[in-house]
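The primary structure of each chain is shown beneath.
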Amino acid sequence: DLNLRNRKFREVANLCSKFDVVGLLEVHGTTAAVQKSFEKVCKTHILLHSPFIENGNPAVGKGGVAALVAKSILGSGSLDPSYRQGNLMEVLVHGRFIRVALPIPRNGGSFACYFGHNFGISEREMDTCATSIGVDILRSQSNTESFAAVLLADFNFEAKGESRYYIGTVSYTHLTL
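Residues numbered from 1 in each chain as written. Predicted model: local features only at pLDDT ≥ 70, side-chain atom pairs only at ≥ 80, totals over all residues. Heavy atoms only, no water.

Digging into the overall build of the chain
Along the chain, the regular secondary structure elements total three helices and nine strands. In sequence order, the secondary structure elements of the chain are arranged as α-β-α-β-β-β-β-β-β-β-α-β. Put simply, the chain has 177 residues, and 34% of those count as buried. Pairs at least 24 residues apart make up 63% of the contacts formed inside the chain by residues separated by at least 6 positions. (Helix = DSSP H or I, 4+ residues; strand = E, 2+ residues; numbered from the N terminus. Buried < 20%, exposed > 50% of the residue type's maximum accessible area, 1.4 Å probe, protein only. Contact = heavy atoms within 4.5 Å.)

Next comes the structure, spelled out in structure tokens:
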């Protein structure tokens, strides 16, 4: 439905006008197609996209994960044509979990933001994500003034027979960029 699609793009543009970082789940298409779709917001934001990979190729019918990051918080490096997704994004599980490392301009610190959707993730892949998240949680607890970790994810109910994923004690802090 073209009308629904256009409303969704307007909503993303609205979010980008208000926020420096916007995470998206179930983003369908190749990175080039998604870049073209978000052409308007990519004037102010950088697209970081991990498509869902199936049989070694992006699966157009299955959604991946993405983040839109304001160029204004990235400094002059974001305007350089050689600036690539790899400068900011670590793909933990293609199309399902990414880690985005961003600066905090106010104090020279940084934060790691995870965007994820655990549907179809194997236990081994979830362990990879859990390890990375755990490292950043410990880092944020020992460097409260200069590092923060943010987890934004859609966790489905655990499948029968799979082990439960657990994140330890979490502290809540207001993060101002």
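Observations concerning the nonpolar core
Leu-48, Val-69, Leu-74, Ile-98, Val-100 and Leu-102 are the most contacted members of the largest nonpolar core, which totals 17 residues. If you list the elements that add at least two residues to this core, you get strand S2 (45-50), strand S5 (64-70), strand S7 (97-104) and strand S8 (109-117). Per-element accounting of this core gives the leading share, four residues, to S7. By size, the runner-up hydrophobic cluster in this structure holds 12 residues, among which are Val-22, Val-27, Cys-42 and Leu-47. (Core = buried A, V, L, I, M, F, W, Y, C linked by side-chain atoms within 4.5 Å.)

Quick word on the confidence of the model for the chain
Overall, the predicted model of the chain reaches an average pLDDT of 82, with 82% of residues at or above 70. Confidence, read as mean pLDDT per element, is least for strand S4 (residues 57-58) in the chain (81) and greatest for strand S6 (residues 89-93) (94). Counting interchain partners and residues more than four positions distant, the pLDDT-below-50 stretch residues 170-177 has 14 contacts. (pLDDT = per-residue confidence, 0-100.)

Section: the side chain of Ser-50
Of note, Ser-50 is situated in strand S2. The class for Ser-50 is buried, based on a relative accessible area of 1%. In terms of polar contacts, Ser-50 uses its side chain to reach the backbone amide nitrogen of Gly-95, at 2.8 Å. Other than its neighbours up to four places away in sequence, Ser-50 contacts Gly-64, Val-65, Val-91, Val-93, His-94, Gly-95 and Ile-98. (Polar contact = N/O pair within 3.5 Å; in protein donor to acceptor, adjacent residues only side chain to side chain.)

Notes on the packing of aromatic side chains
On inspection of all chains with the given rule, the structure shows one aromatic pair. An angle of 80° between the planes, with centres 5.2 Å apart, marks the rings of Phe-9 and Phe-38 as edge-to-face. Separated by 29 residues along the polypeptide, Phe-9 in helix H1 (residues 2-18) and Phe-38 in the loop between helix H2 (31-37) and S2 bring together distant segments of the chain. The cationic tip of Arg-139 hangs over the ring face of Phe-147; the distance from NZ or CZ to the ring centre is 3.8 Å. (Phe/Tyr/Trp six-rings, centres within 6.5 Å; stacked < 30°, edge-to-face > 60°. Lys NZ or Arg CZ within 6 Å of the ring centre and 35° of its normal.)

What about helix H3 (residues 123-142)?
With 20 residues, H3 ought to run about 28 Å at 1.5 Å a step, and its terminal C-alpha atoms sit 28 Å apart, in line with that. Taken together, the buried positions of H3 are Met-126, Cys-129, Ser-132, Ile-133, Asp-136, Ile-137 and Ser-140. Down the axis, H3 shows its buried residues gathered within 140° of arc, on one side only. Away from its buried face by more than 90 degrees, H3 exposes Arg-124, Thr-131, Val-135, Leu-138 and Ser-142. Buried residues along H3 sit against S6, S7, S8 and strand S9 (147-154). (Expected span 1.5 Å × (residues − 1). Arc of directions from axis to C-beta.)

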